[in-house]
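An overview of the molecular structure
Spelled out from the first residue to the last, the chains are:
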Amino acid sequence: MDLSRRAFGALTGSALLSLALPAGAAMAADAVPRPARPGAGGTVTFDAYSMIIDGVRVPLWSGEVHPFRLPSPSLWRDVLEKMRGNGYNAVSIYASWNYHSPAPGQYDFSGVRDLGLFLRMAADAGLYVIARPGPYINAEVDAGGYPGWLATTPGRARSNDPTYLGHVDEWLTAVNAVIAQHLHTDGGGSVVLYQLENEYASHTADAVGQGYMAHLYAKVRADGIDVPLFHNDKGRNGYWIPGSFDTAGEQGRYLYGFDGYPSPTGLPPDWGYFGSGGAKGGSTASPSTPGLMAEFGGGWFDPWGGAEFAGKGYAESRRTRDAAYERRFYLTNLANGVKIHNVYMTFGGTSWGWLPAPVVYTSYDYGAAIDEARNATSKVVPMRQTGSMLASFPEFSALDRAADTVAAGSAVRVYHLTADGSGAHVYFLRNDASADATCTLPVVTAAGTVTVPAAPGGLRVVAKDMAVVATELSLGRRTLRWTTVQPMLRTTGERLDVTAFAGRPGDPAEAVLAVSAPPTATVLDGTADTVYDASAGTLRINTVLDGLTRVLVEGGGTATPMLFLFADDGASAVLSSLTADGEPVVVTGPALVRSAEREGAVLRLTGDTTQDSPLEVWAAPAVREVFWNGRHVAVAPTASGGLQAREPLAGPPAVDLPALTGWRYAPENPESEPAFDDSAWRACDLTASASTTPVPAGTPVLFADDYGFHYGDVWYRAQVESDGTAATLNLSYSSGTQGMLMAWWDGRPLGTHRQPVPAKSQDTQGTWAATAAFPVPGDLAAAGSHTVAVLVRRMAHEEDGGANDAFKSARGLTAANLDGTPVASAWRIQGGTGGDAARGPLNTGGLYGERAGWHLPGFPDRDWASADTLQAGPRQGVSWYRTQFRLDIDRGVDASVGLTLDDDPAHAYRVQIFVNGWNMGQYINDAGPQHTFVLPNGILRPRGSNTLALAVLADGTTPAGPAGVSLALLGSAAGGVPLTLVDAPGYTDLRPSAG
Ligand code: IPT
């Protein structure tokens, strides 16, 4: 029978309502449950296949998010709900020690640092949590997460040194006190896994490393963390497998995990079943624990521009690791037995303030599935398809490698697996060629081996992409004999079952259902052929993916009808499945469905539309009325048993952003003047340092960290004696890539030195140290005392990936001499004074304006000159611009706003961007590549007045200051989450006075 394009309404919803409900039909909507809400408690174990949570096998389909890279807690909920709505069932987080600890003994978990709130939101959103609090995290953050103050302590970090371990215990005590309240096991939350350390590839076979790991293990257990622990090996090296260090007598509570960031241009690696050894556990290294990819690259970080290894911007990461990359690499991981799969990053966010490690700039967008402006990109589509598949079909949770199978007609790679005990077979087909492949495949079914598709034309695997074929999948009340496109969704409702498939537009799709009696198949929308084979006992449906094709199957031996949905990528992107009051709710139309609640006949949905969107829901038969984001939606029953909105849901209205005008201007750096009073500055009087940078003979310690200045700019002043022949002032400094130093002699600029940007290794210690040689102006060299002032723009401390204390290399001035004679005495130093507690230690550095509160809302700038342009003539030093602007974005619209700076790239200057007192990043005009800075709502007031302050640092060789400064709309949706503005003090609360 061919019933293509039968009109809607030929079969009404009420006809379906009259169908009898079979006894005992209530079945779980999702085969894989979401975490219980706080209060429930639970068990967390694992076997060689997967995690087992509350007795149920749960593959974790996780994405990495860093709470510290989104300083607006209410938006955490947005990101978490976007993940859940797009198929993830877990979120993995780092906690960054430096973010929470301004000084030894001081720990802050409030405001933007409220880790407990994040964990609560994750549980509320229905996501399990993988907690990764270090102590070392890497993560492209300053010192790899170590606090600045740790750089001044003795004892080798990342080792069993007792001094270091003392500091580590302090951090773990603090952070574990928070995490322990959100464990799935004690009912407080949904944390199910906890990582010790991070890619610790040193001392893997000696007491230093083993003692360190054993110490961490015991400490974390002592802090009450009772979920399984693991470590992420830097590649599948077999480092830190169970038994490789002392786990305090515990067995079976520690997993082996590893990270992988394979090149997107190479072949996806076979790390488990299909690699050498083929151990079940996803790794030859640890056959008794499940395949755990603690980090699998979902994008890549981008370095500063202006050099050989120049950053290209994150559009490039997203292009090279696109949706097809995700299918090809992540499905290969699944084929290889990985059942705990975390994509690093899923939402990268912003390395705001002084968070970025030297290797990266402010944006940490990462080319991730959810972009820095919180937009779901095309990369969420495969995540939704596969996450939903894993949640719907338990057969995918316990696969073993099966007999090698070869496709006919095309050289696609076939991964054949069989599902433990269920009779299901799964085939992952990968096309590594650059042309689409068409093939047939022999598959194992309950009726023997069959070559699929049965219909002519073959099945297609798009170039550089991957496809899923499966047999004998349970659909709850029926069995699917085979499908040649990826199964995405399966629900069993009181009145209706739904099964959805997804693939590329134009893919031929064949789904064959086992039936025990003649069925009726009705093609409700789209084009499909259906063939009933009485002798085989099958109903075969063939279609070509194009939007959403709907086929309703009734009879066939099962009382409850089945709606088959065949979705191309675009249609699958707006296909959502939730549960309300124990019944499945399937929704098509809106980009995101955040929640579904049912009360009797009323179904309340919340979510986002990014454009005018249709809405159709399949829910409990009792549902008669639908609300969307609190608004009543007029609906009509449809032929497929759903309710359809009579009018589309509205997308977001146009958003108007104001031009930025009314600027005020003030130059600073009074520190460069001889008359400046530095008597309150800290004298550089130390003679020894724990830094890895040697203290030069005959000079006091000048390293900024040793004087408590850990982040941002730092000033130095000294009186220098000249015998009248002074010729060259040599200033050595160390700063991180893109750092710079500028000097003045008796108030006259001597010039600026810029660190050469390293051309090669991003982690090489010492490449960011240099000596600037400044000629002393002849007319100022007279015998006597002269004032030298030096400003060092430090970038960040190095990371410590090699566990060699690289983060302890000095930052700031390291040595000074005048014609070879050390400038040894009477140096004074001033850096960031710590800012305010709300914005935290990484928000501000030591510029005069930062010390004086020029960046803060409410600072009285009325005496500043008004400025029509932000461009000034060449002048070495610092200038500030301030303005205010009002936003008036409709409630109910989630607009994501950025600030764009633009100019002639020949102009040598950089800008520190402060929004309402928050340091939202650093723009380097002549390096790039970043021009647009995301300003998260909460920091930004979408309805109200905002203060923008720009600190321009110029080397004096060119005009400086951005030619263009404008607000940019980076995304908008009707919907969003309730916004709470982030509380932080203004100028009048703080009244800072610069010293
Ligand atoms: C791995 C780190 O574990 C992670 O913190 C982050 O730095 C990531 O890489 C890159 O973004 S390290 C691995 C790539 C050697």
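The shown structure was predicted, so the numbers you read here are calculated from the model rather than taken from an experiment.

Here's the deal with the UniProt feature "domain: Beta-galactosidase" (unreviewed entry) in the protein chain
Here, UniProt's "domain: Beta-galactosidase" (unreviewed entry) annotation points to residues 398–575. As annotated, residues 398–575 has a helix share of 2% and a strand share of 61%, and its two end C-alpha atoms lie 26 Å apart.

A few points about the pattern of salt bridges
One pass over the structure, following the stated rule, counts 43 salt bridges. Linking D223 and K219 is a salt bridge whose minimum nitrogen-to-oxygen distance equals 2.9 Å. The exposure class assigned to K219 is buried, which follows from its relative accessible area of 14%. Linking R839 and D836 is a salt bridge whose minimum nitrogen-to-oxygen distance equals 2.9 Å. Here R839 and D836 have matching classes, each one buried. Look at the salt bridges and you will find they share partners, linking D78, E81, K82, R374, R594, D608 and D894 into a network.

A word on the sheet that holds strand β39 (residues 682–683)
Pairing within the open sheet is antiparallel, and its 6 strands lie in the order β39-β48-β40-β45-β42-β43. Lying at the two open borders of the sheet, with one neighbouring strand each, are β39 and β43 (748–754). Examined bridge by bridge, strand β40 (residues 714–722) and strand β45 (residues 784–793) share 9 bridges and lie antiparallel to one another. Pairing of Q719 across the sheet is with T787, part of β45.

Considering the domain arrangement of the protein chain
For the protein chain, the domain assignment lists domain 1 (8–18 + 64–378), domain 2 (575–612 + 614–648), domain 3 (670–830) and domain 4 (847–990). If you average the C-alpha positions of domain 2 and of domain 3, the two centres end up 64 Å apart.

Examining the packing of aromatic side chains
All chains considered together, the criterion is met by 54 aromatic pairs. Arranged with centres 5.2 Å apart and planes meeting at 85°, the rings of F245 and Y254 form a pair that is edge-to-face. Considered together, F245 and Y254 belong to a single accessibility category, that of buried residues. A ring pair is formed by W854 and W880, whose centres lie 5.9 Å apart and whose planes are at 80°; its orientation type is edge-to-face. Here W880 lies in strand β50 (residues 876–888) and W854 lies in the loop between α11 (848–852) and β49 (865–867), a separation of 26 residues in the sequence. Residue W854 is classed as buried on the basis of its relative accessible area of 10%.

What about the pairing of strand β29 (residues 575–580)?
As defined by bridge partners, β29 adjoins strand β30 (residues 583–588) across 6 bridges and the pair is classed as antiparallel. Bridge pairing in β30 places A580 opposite E583. Linking β29 back to β30 in an antiparallel pair, the connection comprises 2 residues, with D581 at a positive phi of about 55°.

Some points on the site of the ligand
Around the ligand lies a shell of 16 residues, among which Y94, N138, E140, E199 and Y366 are the nearest. For the ligand, whose free accessible area comes to 380 Å², the fraction covered by protein is 88%. Residue classes in the shell around the ligand are distributed as 9 nonpolar, 2 polar and 5 charged.

Points about the confidence of the model for the protein chain
Within the protein chain, residue pLDDT values average 93, and 94% of them lie at 70 or more. A low-confidence stretch, residues 761–766 (pLDDT under 50), is modelled with 12 contacts involving residues beyond four sequence positions or located in other chains.

What about the packing of helix α4 (residues 115–125) against helix α5 (residues 162–179)?
At a closest axis distance of 9 Å, the pairing of α4 and α5 adopts a crossing angle of 30°. Comparing their axes, α5 and α4 come out roughly parallel. The handedness of the crossing between α4 and α5 comes out as right-handed. Counted together, L115, G116 and L119 of α4 and V175, V178 and I179 of α5 form the full contact between these two elements. A per-class count over the contact of α4 with α5 returns 5 nonpolar, 1 polar and no charged.

Remarks on the nonpolar core
One finds L60, F396, F428 and F564 to be the most contacted residues of the largest nonpolar core, which totals 133 residues. Per-element tally for this core: the top contributor is α5, with 9 residues. Residue contacts for L60: discarding those within four places in its chain leaves M51, I53, N89, A90, Y128, I130, V192, L193, K339, I340 and H341.

Here we look at the layout of surface pockets
For the second largest pocket, the calculated volume is near 590 Å³. If you go around the second largest pocket, you meet 35 residues; those closest to its centre are V574, P590, A591, L592 and T610. Of all the secondary-structure elements, those providing two or more residues to the lining of the second largest pocket are α9 (380–392), β51 (893–902) and β56 (964–974). By residue class, the composition of the lining of the second largest pocket is 12 nonpolar, 15 polar and 8 charged.

Thoughts on unusual backbone geometry
For the bond running from Y344 to M345, omega is -5°, close enough to zero to count as cis. In this structure, E197 is a non-glycine residue whose phi angle is positive, near 55°. Structurally, the position occupied by E197 is in the loop between β7 (191–195) and α6 (207–222). The phi torsion at R991 lies on the positive side, around 40°, for a residue other than glycine.

Overview of the sheet that holds strand β19 (residues 465–474)
Here we have 8 strands laid out as an open sheet, ordered β12-β13-β14-β19-β20-β23-β26-β25, and antiparallel in their pairing. Single-partner strands in this sheet number two, and they are β12 (399–401) and β25 (528–533). Averaged over all adjacent pairs, the angle separating strand axes in this sheet is 25°, with direction ignored. As judged from the 6 bridges shared by strand β13 (residues 413–419) and strand β14 (residues 425–431), these two strands associate in the antiparallel manner. Directly across from L417, in β14, lies its bridge partner V426.

Describing the pairing of strand β20 (residues 479–483)
With respect to burial, β20 is a largely interior element, 4 of its 5 residues being buried. Two strands pair when backbone bridges link them, and β19 and β20 are joined in this way by 4 bridges, in the antiparallel orientation. In the sheet register, A470 faces β20, and the bridge partner there is T483. Hairpin remark: β19 followed by β20, antiparallel, with 4 residues in the connecting loop; positive phi at G476, about 90°.

What counts as what
Residues numbered from 1 in each chain as written. Predicted model: local features only at pLDDT ≥ 70, side-chain atom pairs only at ≥ 80, totals over all residues. Heavy atoms only, no water. UniProt positions renumbered as here; feature names shortened; annotations may be inferred. Helix = DSSP H or I, 4+ residues; strand = E, 2+ residues; numbered from the N terminus. Salt bridge = Lys/Arg side-chain N within 4 Å of Asp/Glu carboxyl O. Buried < 20%, exposed > 50% of the residue type's maximum accessible area, 1.4 Å probe, protein only. Pairing = 2+ DSSP bridges. Domains from an automatic or database assignment. Phe/Tyr/Trp six-rings, centres within 6.5 Å; stacked < 30°, edge-to-face > 60°. Near = heavy atom within 4 Å. Areas by Shrake-Rupley, 256 points an atom, 1.4 Å probe, with all protein chains shown as cover. Nonpolar A, V, L, I, M, F, W, Y, C, P; charged D, E, K, R; others polar. pLDDT = per-residue confidence, 0-100. Contact = heavy atoms within 4.5 Å. Axes fitted to C-alpha atoms, helices over the stretch in contact; angles between N-to-C directions. Parallel < 35°, antiparallel > 145°, perpendicular 65-115°, else oblique. Left-handed = near helix turned anticlockwise from the far one by under 90°. Core = buried A, V, L, I, M, F, W, Y, C linked by side-chain atoms within 4.5 Å. 1 Å grid on protein atoms, 1.4 Å probe; cavity = no way out; pocket = protein on both sides within 12 Å on 5 of 7 lines; lining within 4 Å. Points joined across faces, edges and corners; volume = space filled by probe spheres on them.

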